[in-house]
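Coordinates in review
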Amino acid sequence: MAGNVPAHGKTAGRREILAETDAAAVDAAVPARARTSERCGPELTSPDGVEAQTCVLDEGPDTWARTYYRNATGEQLSSVLSLMGPGGRTVQTHCVVEAGDEPAVCETPREKALGEVGEYAAVAEFAGSGDLGEGPLLLRSGSNSPAATGS
């Protein structure tokens, strides 16, 4: 993905990453029943320079979690992405988050959905590497949608 960082310097969430893969052209060629749908939480930025947006995805019988991120801290980080489903089922993926300003993605394996996709939630936690491999938590990003406001 080198060279595709937006010039405006804003968060490189899923929109920028999907644009790189020309998702619109892919969706046009895929039957509606096999298209991937996403339920994403808000794009978040930590004071330390980590940006992330976390989503639950489904396609046909499969469900999985994905986090779109950028690590501008200048240090390698660790990340744990968890997909939590009905009946207490949890799938976790550990990702190494390289230092740099390029957008990247971490995903859990696809699993056959048990229940409705709305029963699934995803959380990504980004932490510093630390001396013992367990640094401080820098950002927690979830698939929850922001609460609706207004009257």
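Residues numbered from 1 in each chain as written. Predicted model: local features only at pLDDT ≥ 70, side-chain atom pairs only at ≥ 80, totals over all residues. Heavy atoms only, no water.

As for the packing of aromatic side chains
Scanning the entire structure with this criterion turns up one aromatic pair. Taking the centre distance of 5.6 Å and the plane angle of 55 degrees together, the rings of Tyr69 and Phe126 count as tilted. You can see Tyr69 sitting in strand E4 (residues 62-71) and its partner Phe126 sitting in strand E9 (residues 121-128), a full 57 residues away along the chain. Residue placement shows Arg110 over the ring face of Trp64; its charged tip is 3.7 Å from the ring centre. (Phe/Tyr/Trp six-rings, centres within 6.5 Å; stacked < 30°, edge-to-face > 60°. Helix = DSSP H or I, 4+ residues; strand = E, 2+ residues; numbered from the N terminus. Lys NZ or Arg CZ within 6 Å of the ring centre and 35° of its normal.)

A word on the state of the cysteines
One way to say it: the disulfide is the covalent bond shared by the sulfur atoms of two cysteines. One pass over the full model with this rule turns up two disulfides. Each disulfide pairs two cysteine sulfurs, and for Cys40 the partner residue is Cys55, the sulfurs being separated by 2.0 Å. The sign of the S-S torsion, about 105 degrees, decides the handedness of the disulfide formed by Cys40 and Cys55: right-handed. With a gap of 15 residues between them, Cys40 in strand E1 (residues 37-40) and Cys55 in strand E3 (residues 50-59) connect regions that are remote in the sequence. The pair formed by Cys40 and Cys55 is uniform in burial state, with each residue classed as buried. The disulfide partner of Cys95 is Cys106, and the S-S distance across this bridge is 1.8 Å. In this structure, the disulfide formed by Cys95 and Cys106 twists by about 50 degrees around the S-S bond and is classed as right-handed. Here the residue Cys95 occupies a position in strand E6 (residues 90-97), and Cys106 occupies one in strand E7 (residues 100-107), the gap between them amounting to eleven residues. (Disulfide = S-S within 2.5 Å. Buried < 20%, exposed > 50% of the residue type's maximum accessible area, 1.4 Å probe, protein only.)

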